[in-house]
Amino acid sequence: MSASSIALPRFLAITLLTLFSFFTAESRTLSAAEGGAWVAPTGWVDAEGLWAEVPLSFDGSSASYAADQSNRVGDGPWLELRFAQAVRTDRALVVADFGFGIVDAVSVEAQVAGAWVPVFTGAIANDADAIVPFSSVVTTDALRFRFHYVTDGYYFWLYNFAAFSLPAEVVAPQVTTTAATSVTATTAALHGGLTSDGGEPC
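Residues numbered from 1 in each chain as written. Predicted model: local features only at pLDDT ≥ 70, side-chain atom pairs only at ≥ 80, totals over all residues. Heavy atoms only, no water.

Caption draft 1: Layout of the overall build of the chain. Regarding its fold elements, the chain presents one helix and 13 strands. Beginning at the N terminus, the succession of helices and strands in the chain can be written as β-α-β-β-β-β-β-β-β-β-β-β-β-β. Counting all 202 residues of the chain, 41% fall into the buried class. A sequence separation of at least 24 residues applies to 76% of the contacts in the chain between residues at least 6 apart. (Helix = DSSP H or I, 4+ residues; strand = E, 2+ residues; numbered from the N terminus. Buried < 20%, exposed > 50% of the residue type's maximum accessible area, 1.4 Å probe, protein only. Contact = heavy atoms within 4.5 Å.)

Caption draft 2: Summary view of the nonpolar core. Counting residues in hydrophobic clusters, the biggest one holds 34 residues, and the most contacted among them are V94, I124, F145, F147 and F161. Listed by contribution, the elements that provide at least two residues to this core are β7 (79-96), β8 (103-112), β9 (115-122), β10 (130-149) and β11 (154-165). Among the elements that line this core, the one with the most residues is β10, at eight residues. Setting aside its immediate chain neighbours within four residues, V94 contacts I124, A128, D129, A130, V132, F145, L158, N160 and F161. Counting 10 residues, the second-largest nonpolar core is a separate cluster that includes L93, V95, Y159 and L166. (Core = buried A, V, L, I, M, F, W, Y, C linked by side-chain atoms within 4.5 Å.)

Caption draft 3: Molecular detail of unusual backbone geometry. Residues other than glycine seldom take positive phi values, yet F100 does so here, at roughly 60°. The topology assignment puts F100 in the loop between β7 and β8. Of the residues examined, F100 reaches a relative accessible area of 28% and is grouped as partly exposed. At A113, a residue that is not glycine, the phi angle is positive and equals roughly 55°. Relative to the helices and strands, A113 resides in the loop between β8 and β9. Relative accessible area serves as the criterion here: at 85%, A113 is assigned to the exposed category.

Caption draft 4: Quick look at the environment of V73. Tracing the backbone shows V73 in the loop between β5 (66-68) and β6 (74-75). The class for V73 is exposed, based on a relative accessible area of 54%. With near-sequence residues (within four places) excluded, V73 lies in contact with Y149, V150, T151 and D152.

Caption draft 5: Main features of the pairing of β11. The buried fraction of β11 is high, at 10 of 12 residues. Bridging between strand β2 (residues 37-39) and β11 involves three bridges; their strand directions are antiparallel. Bridge pairing links V39 to A163 in β11. Summarising the sheet, β5 and β11 pair through three bridges and their orientation is antiparallel. (Pairing = 2+ DSSP bridges.)

Caption draft 6: Representation of the pattern of salt bridges within the structure. Using the criterion set out here, one finds six salt bridges in the structure. Overlapping salt bridges, with partners in common, bring together E80, R82 and D141 in one network. (Salt bridge = Lys/Arg side-chain N within 4 Å of Asp/Glu carboxyl O.)

Now the structure itself:
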């Protein structure tokens, strides 16, 4: 985060975090038992041209950042973050500036079947790993992010963004059967095959 006229040192933001920030999203936990993996975007769209250094928001480092330079009250500009291929996901990792009486919410939307669908609006931790849970599971190749400002005069920063790619969904297997052969009064040869394992190899 920085003021439009002076920069706020990051160590000060971290100090203020211990005094003022609060959590409404889960702490970051990566469950090996759950499967899946975090996936970083590979491209972006900045429709208003108000974001700076966008690739630094998904380089995996919390020491670098993209800056929202809109400097306005209300909704900041959307930053659309695109993935190399569609991901099935129910959460995002967001590391960003938050709070200080300047930003009171962030929003995330998912592009589903060509339409933008809201999946999260709320508070996050300041400058710390925050996993934001979506309102539903979505399959998408793009998510978009923005801040909501209650005052102007500041640039807020997005340090890191990723989506959690859920493991393949397991459904009931599918089988086919054909007519029995070698039928006698007491025996027969039955024939069938597995056409789909439902996502979990048998």
